[in-house]
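# Descriptive analysis of the structure
Chain by chain, the residues:
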Amino acid sequence: MEGSKTRFPFWEITKINVRHNALFPILISIIICVVTPIMTGMENLDTSSEAAMPLEMFISLVGVTMLIPVFQPEQNVEINDLVSSKYFSAVKVYIVRILYSIALTALFVGLSALYMSMRNCEISALLVLGTIADAVFLGSLGILASAVCNNTVIGYMLPLLYYTVNIGVGSKLGNFYLFSMSVENYGPKVWLFITGITFITLAIGCQKLRRLNM
């Protein structure tokens, strides 16, 4: 019995959370990936800058759908009390959710890139990694907003607002320009990914402080 309490049930928590919390985000992500080729055309893009456009502008939005609901279950008082009653830290549950959400985001990006490659598009590993960086950054904005405000709806509003600003302002955002691969600039993706991980860490810290003060 004591041994079972020292082992963190990673896979059990992953399966339960995917079944109860991630199915709707997965469905929305699938819809984004299916609709994007219809809206933009994802075939015969023979330069990296052309191939980057649908990935950066549309497929990266799966980061919003997959990552932002990470803290949503605990915004329900009954679920929050249930999680608090467990012997393991709620922070570990958050980390599990974030890990599988990032993994699924990367999977959707990879499958979209594979589809484009099969449709005679110029696809590279840098395009895939850059799109994942965009997705993580956009999702992290929402996670942080959701943690600070304790409201998932606000979490969706911030990344969508930032996305709109990128369309209007463009490359003036420098290292935080979401669509930089379309102008053959890959450097900002490093900044976006590092900032995204930082925001996610801050969000977890914010959630932990809220739970300590409850």
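One can find the structure itself at the top, above this paragraph.
The structure contained in this document is the topic of the report that follows. (Residues numbered from 1 in each chain as written. Predicted model: local features only at pLDDT ≥ 70, side-chain atom pairs only at ≥ 80, totals over all residues. Heavy atoms only, no water.)

### What about the overall build of the protein?
In terms of regular secondary structure, the protein is built from nine helices and zero strands. In the protein, which comprises 214 residues, the share counted as buried stands at 45%. Of the contacts formed within the protein by residues at least 6 apart in sequence, a portion of 76% connects residues at least 24 apart. Accessible surface, the protein as shown: approximately 11000 Å² in total, 68% of it carbon and sulfur. (Helix = DSSP H or I, 4+ residues; strand = E, 2+ residues; numbered from the N terminus. Buried < 20%, exposed > 50% of the residue type's maximum accessible area, 1.4 Å probe, protein only. Contact = heavy atoms within 4.5 Å. Areas by Shrake-Rupley, 256 points an atom, 1.4 Å probe, with all protein chains shown as cover.)

### What to know about the environment of Val35
In this structure, Val35 sits in helix α2 (residues 10-40). Here the alpha-carbon distance between Val35 and Phe58, two residues 23 residues apart in the chain, equals 9.3 Å.

### A word on unusual backbone geometry
The phi angle at Asn120 is positive, at roughly 65°, despite the residue not being glycine. Its place among the elements puts Asn120 in the loop between α6 (90-118) and α7 (125-149). A residue is classified by how much of its surface remains accessible, and Asn120, at 55% relative accessible area, is exposed. We note that Asn150 has phi near 55°; this positive angle belongs to a residue other than glycine. Following the sequence through the fold, Asn150 ends up in the loop between α7 and α8 (152-169).

### Quick look at the environment of Ser140
Examined against the element boundaries, Ser140 turns out to sit in helix α7. In this structure Ser140 comes out as buried when scored by relative accessible area, which is 0%.

### Structural notes on the packing of α7 against α8
One way to put it is that α7 packs onto α8 with a least axis distance of 7 Å and a crossing angle of 140°. Between α7 and α8 lies a crossing whose hand is right-handed. Of α8, the residues touching α7 (which contributes Phe137, Leu138, Leu141, Gly142, Ala145, Ser146 and Cys149) are Thr152, Ile154, Gly155, Leu158, Pro159 and Tyr162. Tallied by class, residues from the contact of α7 with α8 come to nine nonpolar, four polar and no charged. (Axes fitted to C-alpha atoms, helices over the stretch in contact; angles between N-to-C directions. Left-handed = near helix turned anticlockwise from the far one by under 90°. Nonpolar A, V, L, I, M, F, W, Y, C, P; charged D, E, K, R; others polar.)

### Some remarks on the nonpolar core
One recurring pattern in soluble globular proteins: nonpolar side chains tend to sit buried together. With 51 residues, the main nonpolar core has Phe71, Met116, Ile143 and Leu178 as its most contacted residues. The element that contributes the greatest number of residues to this core is α6, accounting for 11 residues. What Leu178 contacts, discounting residues up to four positions off in sequence, is Glu56, Asp134, Phe137, Leu138, Tyr162, Tyr163, Asn166, Lys189 and Leu192. (Core = buried A, V, L, I, M, F, W, Y, C linked by side-chain atoms within 4.5 Å.)

### Focus on α7
Its 25 residues place the ends of α7 36 Å apart at the C-alpha level, agreeing with the 36 Å of an ideal helix rising 1.5 Å per residue. α7 sits mainly inside the fold: 20 of its 25 residues count as buried. Positive phi shows up at Asn150, right after α7, with a value of about 55°. (Expected span 1.5 Å × (residues − 1).)

Nothing here speaks to function; it is geometry throughout.
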